[in-house]
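Close look at the chain arrangement
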Amino acid sequence: MGYECTALQDFRNYPGISESWELVKTGVVVIREQLYRLELWHSFSNPDIAFYVSVYVQQDGVWKKMSEPIFPIGLDANQTMSSAMAFLSEKLAA
């Protein structure tokens, strides 16, 4: 049985689509009673930025992208998520 690509991996087969990203994992951390949502994204179109993490903060019940975006990038999913968590921890918990 052969390996089958997903539609996102085959994005080049769709005219006009130049990039393809997949949401791999989401997580929530709490620092000083403030909720932060981390989204780990994987790029099928850019091997130099295989993974990145976007960070959102919950304000008045609504998730908003952090005003100071950090967007850690990396080639390993776990390491990229770890970098985002370390940044938040150092910046906000100190």
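Note that this is a predicted model, so its numbers are computed, not measured. (Residues numbered from 1 in each chain as written. Predicted model: local features only at pLDDT ≥ 70, side-chain atom pairs only at ≥ 80, totals over all residues. Heavy atoms only, no water.)

**Some thoughts on unusual backbone geometry**
Inclusion rule: By definition, any uninterrupted DSSP run of H or I lasting at least four residues is a helix, any uninterrupted run of E lasting at least two residues is a strand, and each is numbered from the N terminus.
The phi dihedral of Arg32 falls on the positive side, at around 50°, and the residue is not glycine. With respect to the secondary-structure elements, Arg32 resides in the loop between strand E1 (21–31) and strand E2 (34–43).

**A look at the environment of Met66**
What counts is decided by this rule: Contact definition: two residues touch when any of their heavy atoms are within 4.5 Å.
Summarising the element assignment, Met66 is placed in the loop between strand E4 (62–65) and strand E5 (73–74). The spacing of Met66 and Ile49 is 17 residues in sequence and 20 Å in space, taken between C-alpha atoms. The contact partners of Met66, leaving out residues within four places of it in the chain, are Tyr36, Val55, Tyr56, Val57 and Leu88.

**Points about the side chain of Glu39**
Condition: When a residue's accessible area, from a 1.4 Å probe over protein chains only, is under 20% of the maximum for its type it is buried; when over 50% it is exposed; and in between it is partly exposed. We define a polar contact as two N or O atoms separated by no more than 3.5 Å, with the added condition that, inside protein, one atom must be a possible hydrogen donor and the other a possible acceptor, whereas residues neighbouring each other in sequence contribute only through side-chain atom pairs.
You can see Glu39 is positioned in strand E2. Glu39 sits in the buried class, given a relative accessible area of 10%. A polar contact of 3.0 Å, which involves the side chain of Glu39, links it to the side chain of Arg37. Residues within four places of Glu39 in sequence aside, it is in contact with Leu23, Lys25, Thr26, Tyr52, Val53, Ser54 and Tyr56.

**Structural notes on the nonpolar core**
Keep this limit in mind: We define a nonpolar core as any set of buried Ala, Val, Leu, Ile, Met, Phe, Trp, Tyr and Cys residues linked to one another through side-chain atoms lying within 4.5 Å.
Ranked by size, the top nonpolar core spans 14 residues in total, and within it Tyr36, Leu38, Val53, Val55, Met66 and Leu88 carry the most contacts. Per element, the largest residue contribution to this core is 4 residues, and it comes from strand E3 (residues 51–59). Residues contacting Val53, with those up to four places away along its chain left out, are Leu38, Glu39, Leu40, Phe71, Pro72, Thr80, Met81 and Ala84.

**Description of the pairing of E2**
If a strand is regular, its side chains alternate between the two faces of the sheet. To keep it simple, the criterion reads: For two strands to pair, DSSP has to find at least two bridges joining them.
Within E2, 7 of the 10 residues are buried, which leaves it mostly tucked inside the rest of the structure. Pairing of E1 with E2 involves 10 bridges; the strand directions are antiparallel. Within E2, the position partnered with Val30 by the bridge is Leu35. Turn length for the E1-E2 hairpin, with the two strands adjacent in sequence and antiparallel, is 2 residues, and the turn residue Arg32 shows positive phi of about 50°. Here E2 runs beside E3; their pairing, made up of 7 bridges, is antiparallel. Each residue of the ladder has a partner; that of Glu39, found in E3, is Ser54.

**A short note on the packing of aromatic side chains**
Using the following cut-off: Paired rings are identified among Phe, Tyr and Trp, the last through its six-membered ring, by centres lying within 6.5 Å, and are further divided according to the angle between planes into stacked (under 30 degrees), edge-to-face (over 60) and tilted (the rest).
Per the counting criterion, the structure on display carries 1 aromatic pair. With a centroid separation of 5.0 Å and an interplanar angle of 90°, the aromatic rings of Trp21 and Tyr52 are classed as edge-to-face. In this pair, Trp21 sits in strand E1 while Tyr52 sits in strand E3, placing the two residues 31 residues apart along the sequence.

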